Amino acid sequence: MKSLQLFGAMDLRQVEMDTPVPGDDEVLLRTEYCGLCGSDRPRLLFGEVPFFPNTLGHEFSARVAAVGKNVKSVVPGDLVAVVPLIVCHHCKNCRTGHYGQCENKQFIGLRVENKGGFSEYNVLPECNVIKVPDGVSGWEAAMIEPISVALHAMFRSGMKPGSDIAVIGAGTIGKLIIQSARAMGAREIFVFDNVQSQLDDVAGNLADHCYNTSDEAFFDSYLKDTQGYGCPYVMEAVGIQPTVSLALKAASTNGNVVLVGYLDKPLAFSPAEVRLILENELNLLGVWQSYDLDFPGDAFRLGLYYLSRGVYDTKSMTDRIIKPDEIMAACGDWKIPGKVRGKIFVDFR
Ligand SMILES: [Zn+2]
Ligand SMILES: [Zn+2]
C-alpha cells in the first residue's frame, strides 16, 4: 500500500509498505477523506512531531475493506467515520469512562507508527469505527472528530436549553460549537473574534451578536446586550491569554467558563482576575478531546446524527478539497494570512 509520511518540515514522501491484516476484532480500512487540522499545521510546516517518519491524519473517513471474524457492526463496503484514539479499556480511567485520559492510549495520525489518515490502509479495533448514516458523505464524515470535540465541550458546559451562551473564537471549532449550541437549544449566541470575515461567516442565522475584539468599545456593547450580566456559559475556543481573560469577564455570576482552546504558552491570572473567579464563583471547566462512557461516547454518535440532519454547514466551513500531491502547496497557503478560509480536506480515494 501507499503511505504518505512526513520526514521533516515540509517534507512529505510517498512510501510503499505491506498492507496490514486485521485481527479477529479489527477492521481493515481504506482511507476516503482526511481533514487537515489546525494542530497539523506546525507538524507539516515545522516538523513538530514526536518522531520521523510520521504518519499524519487524525480526522478521516474510510471504506471498510475487510473485517475480522468477531466484527459485527460493519461489513466490507461500509463507509465509516474513524475514531482516532485507541484505548486499553482496562485501566482505571477507561473503566470510569475517561478514555481521553487512558493510561495506555495511542493517538493515531501522530503518535503511532504507520497509522493515520495519510496511509492508504489502516487496521483499527472495531470500536474505532462508526458506520456513517445515509445521506452523509465521506467528506462530511471526515469532520466527525472536530464535531465531537465541539459537542463534548457543549456537554461539559452543562448548557440548559433556552440559555444564552458566549463563544470566543469563530474558527472551525468555534463555528462547530456555535452550530451545536443552536441545535441544542441555546437562546441568544454571542460571538467574539478579531477577524471580521470569521464573524461575517456566523452573523445572522447562527450568531445573534458578533463582536470584533479589535473594536475599542466591543466589551461595553456586549455588557449592554446582556443587560450588564454576561452569559451563564462561555466557551473559549482560541487558547491564548487575552481570550482566556475575556472568557472570565464575559461570564455571569456563577457562570461556567469552558476552556476548549489548547494553550501552549504560560498563562497568568492577574489579581483582579483571580478575584473575579472567586467573588463571582466561576466554574472553570477543561475539555480534552471528546471521549466518554460507552466508547467512543455520545459526542461521536450525536455528531453523526446531527450531520445527517444538516445541522452543520459543512460546505461553508470547507476551504477546498485537494488531492494528496497538493498538500504541500496548501501548506504554503497557510503561511499567507487570510488565504485559507476553513478546513482543507484531502481526497485519498
Ligand atoms: Zn484535529
Ligand atoms: Zn485505558
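Quick caveat: nothing in here was measured; it's all calculated off a predicted structure. (Residues numbered from 1 in each chain as written. Chains lettered and ligands numbered in written order. Predicted model: local features only at pLDDT ≥ 70, side-chain atom pairs only at ≥ 80, totals over all residues.)

Caption draft 1: Quick peek at the overall build of the chain. Check the secondary structure of the chain and you find 11 helices and 17 strands. Radius of gyration (C-alpha) of the chain: 21 Å, near the 20 Å computed for a compact globule of 349 residues. Overall, the C-alpha framework of the chain stretches about 60 × 45 × 40 Å when taken along its three principal axes. For the chain, the residues scored as buried account for 44% of the 349 residues in total. Contacts in the chain between residues far apart in sequence, at least 24 positions, make up 69% of those at least 6 positions apart. (Helix = DSSP H or I, 4+ residues; strand = E, 2+ residues; numbered from the N terminus. Rg over C-alpha atoms; globule rule 2.2 N^0.38 Å. Buried ≥ 20, exposed ≤ 12 C-beta atoms within 10 Å, placed from the backbone. Contact = placed C-beta atoms within 7 Å.)

Caption draft 2: Geometry of the sheet that holds strand β11 (residues 189-193). In spatial order, the strands read β12-β11-β10-β13-β14-β15; together these 6 strands make up an open sheet with parallel pairing. Lying at the two open borders of the sheet, with one neighbouring strand each, are β12 (209-212) and β15 (283-286). When the angles between neighbouring strand axes are averaged without regard to direction, this sheet yields 20°. In this sheet, β12 lies alongside β11 in parallel orientation, the contact comprising 4 bridges. (Pairing = 2+ DSSP bridges. Axes fitted to C-alpha atoms, helices over the stretch in contact; angles between N-to-C directions.)

Caption draft 3: Representation of the domain arrangement of the chain in the model. When its domains are assigned, the chain resolves into domain 1 (2-143 + 314-347) and domain 2 (150-286). Distance from the C-alpha centre of domain 1 to the C-alpha centre of domain 2: 30 Å. Tallying the contact residues gives 4 residues for domain 1 and 4 residues for domain 2. Considered class by class, the residues forming the side of domain 1 that touches domain 2 number 1 nonpolar, 1 polar and 2 charged. (Domains from an automatic or database assignment. Nonpolar A, V, L, I, M, F, W, Y, C, P; charged D, E, K, R; others polar.)

Caption draft 4: Spatial organisation of helix α10 (residues 298-308). For α10, the full list of buried residues reads A299, F300, L302, G303, L304, Y306 and L307. Next to the buried residues of α10 lie β5 (79-82), β9 (129-131), α3 (138-141), α4 (144-157) and α5 (172-183). Backbone geometry just after α10 places G310 at a positive phi near 70°.

Caption draft 5: Fine view of the packing of α4 against α10. Running from N to C, α4 and α10 cross one another at 115°; their axes reach a closest spacing of 8 Å. Here α4 runs over α10; the crossing is right-handed. Together, I144, I147, S148, L151, H152 and F155 of α4 and A299, F300, L302, G303 and L304 of α10 make up the contact between the two elements. Its residues placed into classes, the contact of α4 with α10 shows 8 nonpolar, 3 polar and no charged. (Left-handed = near helix turned anticlockwise from the far one by under 90°.)

Caption draft 6: Just the environment of S61, in detail. Tracing the backbone through its elements, the reader meets S61 in strand β4 (residues 59-67). Distance from S61 to A81, taken between C-alpha atoms, is 4.6 Å for residues 20 residues apart in sequence. Not counting residues up to four positions away in its chain, the partners in contact with S61 are E32, Y33, L79, V80, A81, V82, V132, G138, A141 and A142.

Caption draft 7: Spotlight on the environment of Y312. With respect to the helices and strands, the residue Y312 is situated in the loop between α10 and β16 (318-322). Given 21 C-beta atoms within 10 Å, Y312 falls into the buried group. Sequence separation between Y312 and K175 is 137 residues, and the spatial gap between their C-alpha atoms is 9.0 Å. Other than its neighbours up to four places away in sequence, Y312 contacts I147, L176, Q179, Y306 and L307.

Caption draft 8: Local environment of the pairing of β4. With 7 bridges joining them, strand β3 (residues 26-36) and β4 adopt antiparallel strand pairing. Across the sheet, the residue bridging to C34 is F60, located in β4. In this structure, β4 lies alongside β5, joined through 3 bridges in antiparallel fashion. Each residue of the ladder has a partner; that of A62, found in β5, is V80.

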